[in-house]
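Chain and residue survey
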Amino acid sequence: MEDKGLIVLAAGGTGGHLFPAEALGHELKARGYRVHLVTDSRAERFAGKFPADEIHVVPSATIGSKNPVALARALLRLWSGMRAARRLFEKIKPRAVIGFGGYPTVPPLLASTTMRIPSLVHEQNAVMGRANKLLAARVQAIAGGFLPEGQGAHAARTVVTGNPVRPDVIAASAEPYRPSGGENPFHLVVFGGSQGAQFFSSAVPSAICLLDEPYRRRLRVTQQARAEDLDAVKESYAKLGLAAEVSPFFGDMPRRIADANLVISRSGASTVSELSVIGRPAVLVPYPHALDHDQSANAAALKAAGGADVIAQASLSPEKLSKILRAAMDEPSRLAGIAGAARATGKPDAASRLADLVESIAKGRPAGGNKANGITEGPNA
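We now turn to the structure provided with this report. These numbers were taken from a predicted model, which means no experiment stands behind them. (Residues numbered from 1 in each chain as written. Predicted model: local features only at pLDDT ≥ 70, side-chain atom pairs only at ≥ 80, totals over all residues. Heavy atoms only, no water.)

1. Quick word on helix H14 (residues 350-362)
In a regular helix each residue adds 1.5 Å, so 13 residues correspond to 18 Å; H14 covers 18 Å between its end C-alpha atoms and thus fits that length. Where burial is concerned, most of H14 is hidden: 10 out of the 13 residues are buried. Every buried residue of H14 is accounted for by Ala350, Ala351, Leu354, Ala355, Leu357, Val358, Glu359, Ser360, Ile361 and Ala362. Of the residues one or two after H14, Gly364 is the one with positive phi, at around 80 degrees. (Helix = DSSP H or I, 4+ residues; strand = E, 2+ residues; numbered from the N terminus. Expected span 1.5 Å × (residues − 1). Buried < 20%, exposed > 50% of the residue type's maximum accessible area, 1.4 Å probe, protein only.)

Written out as structure tokens, the structure is:
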């Protein structure tokens with residue numbers, strides 16, 4: 001296959017940023033591009049499946065403190081990261097640089113835009129994150145997962161592509177939803193992402209404890225729990241005599257979601273996108289401490305389509321969650337309807353649509369060459 005050149009993907013080191021970057025990477029590799037990843041050290045546990053020819057760690061820092069000394073240190077580290085990224089790009093000469101959010105994307109995108117390398121950012125959430133806000137005015141295009149179309153200061157350069165999902169998710173989407181009724185096993189999958197799994201570690205076992213024995217006997221639980229909560233969660237399920245798999249990380253989560261009769265999870269953009277593409281009913285509990293309340297906005301989008309129930313953490317007592325579980329296990333046809341509604345909102349072609357946009361800016365032209373596609377020439381075009 002013809003070598004079409006190098007594309008650099010820049011992403012913060014959490015699954016929410018890396019998973020859509022991974023999906024785009026696979027699509028670009030299939031089209032004949034080489035792919036490099038710029039990230040931080042947290043990405044190591046996700047790196048095994050990332051289709052990068054090389055991975056580069058560039059200095060970065062979060063701008064969150066109001067302490068002037070801490071702020072000065074953060075800015076100095078970002079400046080150092082930008083200089084390192086400039087040296088890297090001078091050496092590897094990328095055709096385009098694509099950012100997926102998180103502060104580790106700031107130095108490489110500042111470097112690429114000052115070097116006039118075609119650049120875009122992808123915002124996974126319904127509310128733009130702080131790093132992408134900082135970069136939005138500098139790039140040729142903004143790709144959106146759940147961003148409202150035609151709104152905001154950068155509407156003319158925003159294209160709603162959807163959130164790219166990994167090949168494992170596309171493969172899992174081929175599995176039809178199988179309702180569970182009567183006395184059949186009921187598969188429950190619980191996960192909290194990189195933030196907020198602690199709440200589920202106490203709330204879910206407590207809720208299951210309140211179920212009558214016939215309901216508990218049906219349950220098969222897969223639950224993500226933080227390492228420090230692992231023993232307590234396992235012990236809770238062992239006391240209940242419950243079949244449960246508990247781990248800080250599951251490398252095959254798409255398959256487990258596909259096997260689920262019900263998912264209880266946070267509502268990060270990647271989670272909502274994967275639930276939609278696979279098509280599984282969910283109880284979404286937005287992370288309440290998210291700075292921009294992006295998870296609430298993501299969850300609202302899926303709820304509006306009938307593809308999920310949304311419950312605020314503050315109102316989700318063990319008693320309420322137990323009632324939700326009991327009702328779900330009693331109503332397989334209702335869950336099947338929610339699964340279908342979720343699937344109808346999915347965008348399994350998001351990686352292809354985003355790759356089209358990347359190729360367009362890499363060639364120095366707007367997507368499709370006209371404003372009807374939502375792109376105008378950016379400030380560095």
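2. Looking at the side chain of Gln140
For Gln140, the location among the structural elements is in the loop between helix H4 (130-136) and strand E6 (141-144). Exposure remark for Gln140: the relative accessible area of 6% places this residue in the buried category. Of note is the side chain of Gln140, whose polar atom sits 2.7 Å from the backbone nitrogen of Ser119. (Polar contact = N/O pair within 3.5 Å; in protein donor to acceptor, adjacent residues only side chain to side chain.)

3. Quick look at the nonpolar core
Counting 34 residues, the largest nonpolar core has Leu188, Ile208, Leu219 and Leu325 as its most contacted members. Elements with a minimum of two residues in this core: strand E8 (186-191), helix H6 (197-209), strand E9 (219-224), helix H8 (230-239), strand E11 (262-265), helix H12 (318-330) and helix H13 (332-345). In terms of residue count, H6 provides more of this core than any other element does, 6 residues in total. If you look at the next biggest cluster of nonpolar residues, it comprises 27 residues, including Ala84, Ile92, Leu109 and Leu135. (Core = buried A, V, L, I, M, F, W, Y, C linked by side-chain atoms within 4.5 Å.)

4. Side note on the pattern of salt bridges
A complete count under the given rule lists 19 salt bridges for this structure. In this structure, Arg217 and Glu213 form a salt bridge, with 3.8 Å as the shortest nitrogen-oxygen distance. Here Glu213 and Arg217 lie together in helix H7 (residues 213-218), a separation of 4 residues that amounts to about one turn. When its relative accessible area of 53% is taken as the criterion, Arg217 is described as exposed. For the salt bridge of Asp229 with Arg226, the shortest nitrogen-to-oxygen distance reads 3.2 Å. (Salt bridge = Lys/Arg side-chain N within 4 Å of Asp/Glu carboxyl O.)

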